[in-house]
Amino acid sequence: MDRQKRVCAIHDISCVGRCSLTVALPIISAAGMDCGILPTAVLSTHTGGFEGFTYRDLTADVMPISAHWQTLGLGFDALYSGFLGSFEQIDLVGELFDTYKTSENLVLVDPVMADNGKLYAIYSPEMAKGMAKLCGKADIIIPNITEACFMVDTEYKTEPYDKPYIENLLQKLGALGAKQVVLTGVSFNDSELGAAVYDVASGNIDYVFAPRIDGYFHGTGDCFGSALLSALLNGKTLTQAAQTACNFVHKSIEITLKLNQERRYGVAFELALPSLMKELGILNADH
Ligand code: PXL
């Protein structure tokens, strides 16, 4: 086997309530990658459903961690950023990308900051400007529709969507500077939910969907991003990877509902990992 691919996942640690690193690390690891982390903040719980969470911003640790890595000459096959701890941290993560970007590796930015038309607690509208700038340094960005609207100053609309609304957003997102855009939460009917995949250079747009399950499920954006990255690093095209990520999120929600789990703890993605690994050809691999 060639050496395992190395990822640097840059997200917060929410100690309880599966999202960010407690989702990214197990998914990317199950996909066969060596997943390093750079924690951006430590919270006692995530911000959406538990009262009175603690919050420790780790902005001051980002550069010392990176400086140590540089003394060792470390590098990564992919850098994947999500929820960032402070406004200042956005620029620091941009500097990390400048330091570790090569012609071979992949920078994936999920501009985590909002959903359902609203910014998450602790995020301010100025964060959106910073995230838009950070997206310019990425190879691939994966905003949801709310985050897209905040970043490109477009009115947020609720469903039903039409292609002109989605494709206008895609074009504006592409102008931020990334090579490819995956816009999540896209749907044109009641029965399916998925993502739009836009290649900026060619102008090509693909849509991928899975059957819709109604309701709001915490941490599914992080499940989507982690599965997408896992599929890309396993050699899938971006459209295939987005389909794999949709399937994985759908399966995780389906299992969560079947097992009647409490919503604020996030989704039972652990039990969907075997199906992801099968789809990626890992479960049958003979090592
Ligand atoms: O899943 C996104 C996310 C990440 N990190 C924290 C969050 C959220 C969403 O609410 O609160 C701390």
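Residues numbered from 1 in each chain as written. Predicted model: local features only at pLDDT ≥ 70, side-chain atom pairs only at ≥ 80, totals over all residues. Heavy atoms only, no water.

### A few points about the sheet that holds strand S5 (residues 55-57)
Point 1. Strands sit in the order S2-S4-S5 across an open sheet of 3 strands; the sheet is mixed. Either end of the sheet is taken by a strand with one partner, and the two such strands are strand S2 (13-16) and S5. With direction set aside, neighbouring strand axes in the sheet form an average angle of 15°.
Point 2. The pairing of strand S4 (residues 41-45) with S5 spans 3 bridges and is antiparallel. Across the sheet, residue leucine 43 finds its bridge partner in S5, namely tyrosine 55. (Pairing = 2+ DSSP bridges. Helix = DSSP H or I, 4+ residues; strand = E, 2+ residues; numbered from the N terminus. Axes fitted to C-alpha atoms, helices over the stretch in contact; angles between N-to-C directions.)

### A short note on the pairing of strand S7 (residues 106-109)
Point 1. Neither face of S7 is left uncovered, since the one carrying Leu106 and Leu108 and the one carrying Val107 and Val109 both have all their residues buried.
Point 2. As defined by bridge partners, strand S6 (residues 78-81) adjoins S7 across 4 bridges and the pair is classed as parallel. The partner of alanine 78 across the bridge, within S7, is leucine 106.
Point 3. Handedness of the S6-helix H3 (residues 87-100)-S7 crossover: right-handed.
Point 4. Where S7 meets strand S10 (residues 140-141), 2 bridges bridge the pair, whose relative direction is parallel. What sits directly across from valine 109, in S10, is isoleucine 141. (Buried < 20%, exposed > 50% of the residue type's maximum accessible area, 1.4 Å probe, protein only. Right-handed = clockwise from strand over helix to strand, strands pointing away.)

### Quick look at the state of the cysteines
Formally, a disulfide is one covalent bond, and it connects the sulfur atom of one cysteine to the sulfur atom of another.
Point 1. Enumeration according to the criterion identifies 0 disulfides in this entry.
Point 2. Looking at the unpaired cysteine 15, the closest cysteine sulfur is the one in cysteine 19, lying at 10 Å.
Point 3. For cysteine 35, which is in no disulfide, the shortest distance to another cysteine sulfur is to cysteine 8 and amounts to 8.1 Å.
Point 4. Here cysteine 35 falls in the buried class, since its relative accessible area comes to 13%. (Disulfide = S-S within 2.5 Å.)

### Quick notes on the site of the ligand
Point 1. Asp12, Ser14, Cys19, Ser20, Leu43, His46, Thr47, Phe83, Val112, Tyr120, His218 and Asp222 make up every residue found near the ligand.
Point 2. Within the side chain of threonine 47, an N or O atom sits 2.6 Å from an oxygen atom of the ligand.
Point 3. Side-chain polar atom of aspartate 222 to an oxygen atom of the ligand: 2.7 Å apart, as the coordinates give it.
Point 4. In isolation the ligand has 310 Å² of accessible area, and contact with the protein removes 97% of it.
Point 5. The residue inventory of the shell around the ligand, partitioned by class, reads 5 nonpolar, 5 polar and 2 charged. (Near = heavy atom within 4 Å. Polar contact = N/O pair within 3.5 Å; in protein donor to acceptor, adjacent residues only side chain to side chain. Areas by Shrake-Rupley, 256 points an atom, 1.4 Å probe, with all protein chains shown as cover. Nonpolar A, V, L, I, M, F, W, Y, C, P; charged D, E, K, R; others polar.)

### Observations regarding the sheet that holds S10
Point 1. Spatially, 8 strands are ordered S3-S1-S6-S7-S10-S11-S12-S13 in an open sheet, and the strand pairing comes out mixed. The sheet is open, and its two borders are formed by strand S3 (34-37) and strand S13 (205-211), each paired with just one other strand.
Point 2. Pairing of strand S1 (residues 6-10) with S3 involves 4 bridges; the strand directions are parallel. Across the sheet, residue cysteine 8 finds its bridge partner in S3, namely glycine 36.
Point 3. Contacting S10, strand S11 (180-186), strand S12 (192-199) and S13, helix H6 (residues 163-174) crosses the sheet at an angle of about 145° to S11.
Point 4. Against the sheet, helix H7 (residues 220-233) makes contact with S1, S6, S7, S10, S11 and S12, and its axis sits at roughly 170° relative to S6, the strand it touches most. (Contact = heavy atoms within 4.5 Å.)

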